[in-house]
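Observations on the three-dimensional arrangement
Each chain is listed here by its residues.
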Amino acid sequence: MKPFWTLVRKNLHDARWPLFLSSSLLAFLGWLLVYVASRNETRIRQSLAEGKAGNWIRQMGLEADPPSVEIMMTFWANPPFIMLLVSMFALGRGANAVGAEIERGTLDMVMSRPVSRSAYLGAQVLATILGLLAITGSLAIGTYAATFYNVLKSPPTFGLLLEPAFNLAALAFPMYGYTLLFSSMDIVRWRPLTAGSSLTLAGFISRVISMIPVFKDSWWRPWAEHASVFSLYNPVDAVSGRGHSGQDVAILLGAGAAFIVLAFLAFAHRDLPANA
Amino acid sequence: MSLIPPHPPALIVSDGLTKAYGPHYALRELSLEVRRGEVFGLLGPNGSGKTTTIRLWLGLMRPTRGKATVFGFDCWSGGLQVRRLVSYLPGELRMPGSLTGLGVLKFLSGLRDGEGLDRAEAIADRVMKLDLGRKVRKYSTGMKQKLALAQAFADPVDVLILDEPTSALDPSARLDVLNLVREAKAAGQTVVFSGHVLSEVEAICDRVAILRRGRLVHVEDMHARRSLRMILVRFEGDAPPPFPEELGLTLRRMRGPAFLLEHRGELGPLLRWLATVPVADVAIGTEDLHALYDEYHGPDALDDDGEDPER
């Protein structure tokens, strides 16, 4: 087992700066969003009660007089940079796993040692899962820490905050999965990264289009909505218990796992050239 | 009872090993054996199939046809077991620049259950004179190669595969590497040495395989070659004297009255015979590996299809 853990440690070492920066940024963002929620809570509640709130707040699933945590969660879903940061980490890790290593010529150094291909890819996957949990966990930690310094009507527990954080990590899992699959078949970094980014962007655009009111009655709207992994990320549902948050997370994890299994199969049967 | 000592058992066996990429063959029908405890050289220009052969042996690539085994393990299906017994120095070496020299050694030995770290540190520090506290990104190409060599020679394995191990090294470091290869052989390790510096291959190899355009074209026993003498002799008179059979002379080339002869064996009988025949001029020398290499890759070499092999 030692080679496997050596690889996990090395992968975490390689990803330390993106991990540190993403985690710090999200922890700070979590804090900032609590601050914003605290400052705006009264106004948002009043707007919701008077039916004057913006459509975007209602679309995020907020009812009148929601708990503070639901107000916070609208910010977790609406500004795309939280999803963007997590997506970037997942796409980067996926593209780097094999294609970039072959392109750099560093895969030889590892694969000429007594390391099985499954151990190599398994270590990549585990390091990414740990990284995703660290990044999304830091968002929950930053948010929870901020509740001690900002006035909220009903401060959430840390356990409650972990649920949307886990939903966010699960959102990135299929993105990592399909990018890893592309990377496992390739010899360069740019191609799997471009393919993974294009799919992710297409999913995001599909989600945005499906939410535009003018397309509400279009026959293709449900297809567009279901084609996007982003429709399975709903932090408000995750904390409110409404919707199918557990099921959504299971679908995200299942899709990610399926892509990862395909990546293992592709990697196990391919040639490993010296470099690109 | 045979007086010829038996060859050591074969450790690496290639049987019709072929690797094709569509219509292009990187390796064709390679059948050869590397014996336990020998230093085996792989020679050939770039693109001749040396690295492809090595990568097939390590299980990094799947053969299109044929098979190869190391210690009886199939190189593709049992690649992990093969790599437990083999240490490989890649020809094009890349290392993670963010690690220190010691960090790289720890990482590489960690991939082999932590074995060989102390010896790798000792070789890197004392033989290669490397500063292991420096980041690898600040190492020169030669220093990186030394670091990888230190790890390769420290691995507790039966087989060392070195792909152009001296390509980036200074002359004194090259000598150190050749000495380490000799030490490895003395310790019972089998070494596969792929390189372009013929003098180095000649100095350390027991046998040498020459590859051309993916085909094995010749295997030379270097011990037999070292006992080979080339005699350039010009006889007086119109006709040369008959060559005594017991001397084992072989005519390589004849140009006018000058004969180029190959001779193996004791020198005394040859000199005694030369003293008895009308010799106008004589030169006795050896033939280096370059001459053999040129037969297959020199400017006058033609391949089996009558084409220039370098094209």
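1. Quick word on the overall build of chain B
- The helix and strand inventory of chain B stands at 10 helices and 14 strands.
- Looking at chain B as a whole, 50% of its 311 residues are labelled buried.
- Here the analysis covers contacts within chain B between residues at least 6 apart in sequence; of these, 65% occur between residues at least 24 apart.
- Of the roughly 14,700 Å² that chain B leaves accessible, carbon and sulfur atoms contribute 51%.
- Treating the 40 positive side-chain charges of chain B as one cloud and the 42 negative ones as another, the clouds have centres 7 Å apart.

2. Things to note about the pattern of salt bridges
- Applying the stated criterion across every chain yields a total of 18 salt bridges over all chains.
- A:D14 is paired through a salt bridge with A:K10; the nearest N and O atoms lie 2.8 Å apart. Here A:D14 and its partner A:K10 are both found in helix α1 (residues 2-14), 4 residues apart, which amounts to about one turn of the helix.
- Overall, A:D14 belongs to the partly exposed group, its relative accessible area being 30%.
- We note a salt bridge from A:E225 to A:R207, for which the minimum N-O separation is 3.5 Å. Remark: A:R207 occurs in helix α9 (residues 190-211) and A:E225 occurs in helix α10 (residues 221-226); sequence separation between them is 18 residues.
- For A:E225, a relative accessible area of 21% gives the class partly exposed.
- If you follow the salt bridges from partner to partner, you end up with B:E220, B:R225, B:R252, B:E262 and B:E287 in one network.

3. Some remarks on a positive patch on the surface
- On the surface, B:R134, B:K135, B:R137 and B:K138 cluster together to form a positively charged patch.
- Position of B:K135 among the secondary structure elements: in the loop between α4 (117-127) and α5 (141-154).

4. Observations concerning empty space enclosed by the protein
- For the coordinates displayed, the defined rule picks out 2 cavities of 30 Å³ or more.
- When its volume is computed, the largest cavity comes out at roughly 100 Å³.
- Around the largest cavity, the lining comprises 15 residues; the ones closest to its centre are A:M109, A:R113, B:Y88, B:P90 and B:L108.
- At the level of secondary structure, the elements contributing two or more residues to the lining of the largest cavity comprise α6 (107-111) of chain A together with β6 (86-89) and α5 of chain B.
- Grouping the amino acids of the lining of the largest cavity by side-chain chemistry returns 9 nonpolar, 3 polar and 3 charged.
- By volume, the second largest cavity is sized at about 30 Å³.
- Lining the second largest cavity are B:L17, B:L56, B:P63, B:K67, B:A68, B:D74, B:C75 and B:W76.
- Taken together, the residues of the lining of the second largest cavity sort by class into 6 nonpolar, no polar and 2 charged.

5. Let's talk about the sheet that holds strand β3 (residues 39-43) of chain B
All names here are of chain B.
- Strand order in the open sheet made by the 6 strands is β6-β7-β8-β3-β9-β10, with mixed pairing throughout. Looking at which strands have only one partner, the edges of the open sheet turn out to be β6 and β10 (215-221). For this sheet, the mean inter-axis angle between neighbouring strands, taken without regard to orientation, is 15°.
- Sheet analysis places β3 next to strand β9 (residues 207-212), joined by 4 bridges and oriented parallel.

6. Some thoughts on the environment of A:G159
- Along the chain, A:G159 falls in helix α8 (residues 158-184).
- Each C-alpha atom, one on A:G159 and one on A:Y144, is 9.6 Å from the other, the two residues being 15 residues apart in sequence.

7. Some details on the sheet that holds strand β1 (residues 10-21) of chain B
Residues and elements named next belong to chain B.
- An order of β2-β1-β4-β5 is seen for the 4 strands of this open sheet, with the pairing classed as antiparallel. Each edge of the open sheet is held by one strand with a lone partner, namely β2 (24-35) and β5 (73-74).
- By the bridge criterion, 5 bridges tie β1 to strand β4 (residues 65-70) in an arrangement that is antiparallel. Within the sheet, the bridge partner assigned to T18 lies in β4 and is R65.
- Together, β1, β2 and β4 form the strand contacts of helix α1 (residues 50-57), whose direction differs from that of β2 by roughly 65°.

8. A look at the interface of chain A and chain B
- Counting from both sides, the interface comprises 30 residues of chain A and, opposite them, 31 residues of chain B.
- Here chain A meets chain B over a buried area of about 2,600 Å², counting both sides, of which 56% is carbon and sulfur.
- The largest share of the area that chain A buries against chain B comes from A:M109, A:R113 and A:P114, three residues that together contribute 27% of it.
- Along the contact surface separating chain A from chain B lie 3 salt bridges.
- The shortest N-O distance in the salt bridge between A:D271 and B:K19 comes to 2.5 Å.
- At the surface where chain A touches chain B, the tally comes to 15 residue pairs in polar contact (both at pLDDT 80 or more).
- Within the residue set of the side of chain A that touches chain B, elements represented by two or more residues are α1, α5 (80-104), α6 and α12 (245-269) of chain A.
- For the side of chain A that touches chain B, the element with the most residues is α1(A), which contributes 7 residues.

9. Here we look at the domain arrangement of chain B
Residue and element names in this part refer to chain B.
- As assigned here, chain B comprises domain 1 (10-222) and domain 2 (227-290).
- Distance from the C-alpha centre of domain 1 to the C-alpha centre of domain 2: 40 Å.
- Of the residues lining the interface, 6 residues belong to domain 1; the matching set on domain 2 comes to 4 residues.
- Both sides together, the interface formed by domain 1 and domain 2 hides about 400 Å², and carbon and sulfur atoms give 72% of it.
- On the domain 1 side of the contact with domain 2, L198, E202 and M222 bury the most area, a combined 76% of that side's loss.
- Here domain 1 and domain 2 share 0 salt bridges between them.
- Where domain 1 touches domain 2, the interface holds 1 residue pair in polar contact (both at pLDDT 80 or more).
- Partitioned by chemical class, the residues of the side of domain 1 that touches domain 2 number 5 nonpolar, no polar and 1 charged.

10. With respect to the environment of B:L99
- Tracing the chain through its elements places B:L99 in the loop between β6 and α3 (101-110).
- Look at B:L99 and you get buried, because its relative accessible area is 11%.
- Other than its neighbours up to four places away in sequence, B:L99 contacts A:K10, A:H13, B:V104, B:F107, B:R134, B:K135 and B:V136.

Conventions and cut-offs
Residues numbered from 1 in each chain as written. Chains lettered and ligands numbered in written order. Predicted model: local features only at pLDDT ≥ 70, side-chain atom pairs only at ≥ 80, totals over all residues. Heavy atoms only, no water. Helix = DSSP H or I, 4+ residues; strand = E, 2+ residues; numbered from the N terminus. Buried < 20%, exposed > 50% of the residue type's maximum accessible area, 1.4 Å probe, protein only. Contact = heavy atoms within 4.5 Å. Areas by Shrake-Rupley, 256 points an atom, 1.4 Å probe, with all protein chains shown as cover. Lys, Arg positive; Asp, Glu negative; His and termini not counted. Charge placed at Lys NZ, Arg CZ, Asp CG, Glu CD. Salt bridge = Lys/Arg side-chain N within 4 Å of Asp/Glu carboxyl O. Patch = residues over 30% accessible without salt bridge, like charges linked within 9 Å, V, L, I, M, F, W, Y side chains within 5 Å. 1 Å grid on protein atoms, 1.4 Å probe; cavity = no way out; pocket = protein on both sides within 12 Å on 5 of 7 lines; lining within 4 Å. Points joined across faces, edges and corners; volume = space filled by probe spheres on them. Nonpolar A, V, L, I, M, F, W, Y, C, P; charged D, E, K, R; others polar. Pairing = 2+ DSSP bridges. Axes fitted to C-alpha atoms, helices over the stretch in contact; angles between N-to-C directions. Buried area = accessible area lost by both parts, 1.4 Å probe. Polar contact = N/O pair within 3.5 Å; in protein donor to acceptor, adjacent residues only side chain to side chain. Domains from an automatic or database assignment.

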